[in-house]
Amino acid sequence: MLKISGLKKSYKGFPVLTNLNMNIEKGDVYGFIGTNGCGKTTTMNIICNIIPKDEGEIAFENENVKIGYLPESPALYGYMNGFEYLDFIGACCEYEGDIKARTTELLNQTGMMTSAYRQIKGYSRGMNQRIGIAAALYQNPDLLILDEPTSALDPEGRAEVMEIIKQLAGAGATIILCTHILADIERVANKIGILRNGVIAAEGTILDVKKRFEGANAINIRLQYTPAATHPVCNIEQVERFEIWHGGVTLYAKSDISEAELFYKAITNLAQHKILPESVEIKRLTLEQIYIGINNGTLV
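Just so it is clear, the structure is predicted and the values come from calculations on it, not from any experiment.

S.K.: I'd like to hear about the sheet that holds strand β2 (residues 14-24), residue by residue, with values.
M.R.: If you walk across this open sheet you meet the 3 strands as β2-β1-β4, and the pairing is antiparallel. A strand with exactly one partner marks an edge of an open sheet, and here the two such strands are β2 and β4 (55-60). When the angles between neighbouring strand axes are averaged without regard to direction, this sheet yields 20°. Where strand β1 (residues 2-11) lies against β4, 5 bridges are found, and the strand directions are antiparallel. If you follow Ser 5 over to β4, its bridge partner there is Glu 57.

Following this line, the structure appears as structure tokens:
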């Protein structure tokens, strides 16, 4: 769908994007994350051809790719109602179908039909975001770009907008989702890109990125038993060291042992001692830990 290579952009001599590379496949929901001012919105504006790039290549799968863009704070005409505004969008983009029918379809899709004839100036922030998403979807875009679609929303409004995004993702839409709310990224994205110092510091599926920054083969075992009950599994030969914590134990494998082998040996040992664990899982950093580690330079 979209491949970006060597993208560079500076403002008054200050470099914002220094060598950005991104790869987005058709059907991806790409979580685009980074600190404020790191160049996310600049990147999205360049993709949409709102501002020019300095250097680099932006290649779409074909020259007729349609893009729908919801900026962080969409500027809507408050004197219009929702129906009028979307009709206006349809006229502006020279929609080739039935504009009234398309507007009605989008109002239903975004849950705004009951408020369609209210003036936009009386809408809540969440309602504004819904109308903004409807406008971005008007031409059935091949690529939908959403910049902080849930920023400043209350929990109910955020849940409503995320449900719309989840439905679009389930229907196979290709989406770039920019947000600081990492829980939202983990909920809907199948791929992420973390922007730091003008480059993508990490990119891939969330699982692949977590695997990259594991640091050590380890597993967490949660138990209903007292810490003494964890001793048998701590003493298997594959374990380099262990940490006992309230409700469980973390086992770290020796350098020549894979996490899969440690997992199997731990399960076998627990069964031999008739200990039933609540859960056994591979220990990995959370997305939040990875994001913070990349931005403070402790993970590279």
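S.K.: Could you give an account of the nonpolar core, naming the residues involved and the relevant values?
M.R.: Counting 48 residues, the largest nonpolar core has Tyr 85 and Leu 86 as the members making the most contacts within it. A per-element tally of this core places helix α4 (residues 125-136) first, with 6 residues. Formed by 23 residues, the second largest nonpolar core is a distinct cluster that contains Ile 24, Phe 32, Ile 46 and Ile 145.

S.K.: Hey, could you go over the side chain of Asp 147 for me, with residue numbers and the actual values?
M.R.: Checked against the element boundaries, Asp 147 lands in strand β6 (residues 143-147). No salt bridge is formed by the buried Asp 147; the nearest opposite charge belongs to Lys 40, separated by 6.6 Å. Residue contacts for Asp 147: discarding those within four places in its chain leaves Thr 41, Met 44, Tyr 69, Leu 70, Pro 71, Glu 72 and Cys 178.

S.K.: How would you summarise the pairing of strand β3 (residues 29-33) if you had to cite specific residues and measurements?
M.R.: Counting buried positions along β3 yields 5 of 5 residues, so the element is predominantly enclosed. Taking every second residue as pointing to the same face, both faces of β3 are buried, with Val 29, Gly 31 and Ile 33 on one and Tyr 30 and Phe 32 on the other. Sheet analysis places β3 next to strand β7 (residues 175-178), joined by 4 bridges and oriented parallel. What sits directly across from Val 29, in β7, is Ile 175. Where β3 and strand β8 (residues 191-196) come together, 4 bridges link them in parallel fashion. Considered in β8, the bridge of Tyr 30 is made with Lys 191.

S.K.: Describe a nonpolar patch on the surface, with residues and values.
M.R.: There is a patch of nonpolar side chains on the surface, built from Tyr 77, Tyr 79 and Phe 88 and spanning about 320 Å² of accessible area. By the element assignment, Tyr 77 lies in the loop between β5 (67-70) and α2 (82-92).

S.K.: Report on helix α9 (residues 259-272), specifying residues and quantitative values.
M.R.: Taking 1.5 Å as the rise per residue, α9 with 14 residues should run 20 Å; its terminal C-alpha atoms sit 20 Å apart, in good agreement. When we look at burial in α9, the residues that qualify are Glu 259, Leu 262, Ala 266, Asn 269 and Leu 270. Buried residues of α9, viewed axially, fall in a sector of 100°; they line one side. Opposite the buried face of α9, by more than 90 degrees, sit the exposed residues Ala 260, Tyr 264, Ala 271 and Gln 272. Looking at the buried residues of α9, the elements they touch are β10 (218-222), α8 (231-234), β11 (239-245), β12 (248-253) and β13 (279-282). At the exit of α9 stands Lys 274, carrying a positive phi of roughly 55°.

S.K.: Describe the sheet that holds β8, and please don't skip the residues or the numbers.
M.R.: The strand order across the open sheet built from 6 strands is β5-β6-β7-β3-β8-β9, with neighbouring strands paired in mixed fashion. One side of each edge strand has no neighbouring strand; the edge strands of this open sheet are β5 and β9 (199-204). Strand-to-strand twist of the sheet, defined as the mean angle between neighbouring strand axes without regard to direction, takes the value 15°. Sheet strands in contact with helix α5 (residues 155-170) are β3, β6 and β7, and its direction is about 155° off that of β7.

About the thresholds
Residues numbered from 1 in each chain as written. Predicted model: local features only at pLDDT ≥ 70, side-chain atom pairs only at ≥ 80, totals over all residues. Heavy atoms only, no water. Pairing = 2+ DSSP bridges. Helix = DSSP H or I, 4+ residues; strand = E, 2+ residues; numbered from the N terminus. Axes fitted to C-alpha atoms, helices over the stretch in contact; angles between N-to-C directions. Core = buried A, V, L, I, M, F, W, Y, C linked by side-chain atoms within 4.5 Å. Buried < 20%, exposed > 50% of the residue type's maximum accessible area, 1.4 Å probe, protein only. Lys, Arg positive; Asp, Glu negative; His and termini not counted. Salt bridge = Lys/Arg side-chain N within 4 Å of Asp/Glu carboxyl O. Contact = heavy atoms within 4.5 Å. Patch = residues over 30% accessible without salt bridge, like charges linked within 9 Å, V, L, I, M, F, W, Y side chains within 5 Å. Areas by Shrake-Rupley, 256 points an atom, 1.4 Å probe, with all protein chains shown as cover. Expected span 1.5 Å × (residues − 1). Arc of directions from axis to C-beta.

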